[in-house]
Amino acid sequence: MKIGRLLLGLFLPPLGVFLTVGVGPTLLINILLTLLGWLPGSIHAVWVIAKHEELNQQGRSY
């Protein structure tokens with residue numbers, strides 16, 4: 001599932017973030033970054049997805 005979300009984060013950044021953290025400020029930030037350009041939105045999405053997985057492995061929430 002993580003690889004699928006990472007691919008979505010690369011190609012459809014807001015969708016990858018939505019599937020990872022749901023609706024919230026992180027999603028809104030990603031939408032704004034994606035509107036500014038695909039690259040900033042993709043970088044943010046991959047970072048959010050990777051950080052969320054790291055925190056889940058440590059037992060903490062995002």
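Residues numbered from 1 in each chain as written. Predicted model: local features only at pLDDT ≥ 70, side-chain atom pairs only at ≥ 80, totals over all residues. Heavy atoms only, no water.

Per an unreviewed UniProt entry, the chain goes by the name YqaE/Pmp3 family membrane protein and belongs to Anabaenopsis arnoldii. One UniProt comment on the chain, placed under Subcellular location (unreviewed entry), says "Membrane". Under the Sequence similarities (unreviewed entry) heading, UniProt states for the chain: "Belongs to the UPF0057 (PMP3) family." (UniProt positions renumbered as here; feature names shortened; annotations may be inferred.)

Things to note about the overall build of the chain
Helices and strands together make up the secondary structure of the chain, namely four helices and zero strands. Mapped from its N terminus to its C terminus, the chain presents α and β elements in the order α-α-α-α. Relative to a compact globule of 62 residues, whose C-alpha radius of gyration would be 11 Å, the chain shows 11 Å and is just as compact. Taking the principal axes of the C-alpha coordinates as reference, the chain spans close to 35 × 20 × 15 Å. Among the 62 residues that make up the chain, the fraction classed as buried is 34%. Expressed as a percentage of contacts within the chain between residues at least 6 apart in sequence, the contacts between residues at least 24 apart total 44%. Counting every atom, the chain has about 4,000 Å² of accessible surface; 73% of that belongs to carbon and sulfur. (Helix = DSSP H or I, 4+ residues; strand = E, 2+ residues; numbered from the N terminus. Rg over C-alpha atoms; globule rule 2.2 N^0.38 Å. Buried < 20%, exposed > 50% of the residue type's maximum accessible area, 1.4 Å probe, protein only. Contact = heavy atoms within 4.5 Å. Areas by Shrake-Rupley, 256 points an atom, 1.4 Å probe, with all protein chains shown as cover.)

Structural notes on the packing of helix H1 (residues 2-11) against helix H4 (residues 38-58)
As a packed pair, H1 and H4 sit with axes 7 Å apart at the nearest point and diverge in direction by 160 degrees. Between H1 and H4, the interaxial angle falls into the category roughly antiparallel. Here H1 and H4 pass one another in a crossing that is right-handed. Each of Lys2, Arg5, Leu6, Gly9, Leu10 and Phe11 in H1 lies in contact with H4, whose residues at this interface are Trp38, Ser42, Ala45, Val46, Ile49 and Glu53. Here the contact of H1 with H4 is composed, by residue class, of seven nonpolar, two polar and three charged. (Axes fitted to C-alpha atoms, helices over the stretch in contact; angles between N-to-C directions. Parallel < 35°, antiparallel > 145°, perpendicular 65-115°, else oblique. Left-handed = near helix turned anticlockwise from the far one by under 90°. Nonpolar A, V, L, I, M, F, W, Y, C, P; charged D, E, K, R; others polar.)

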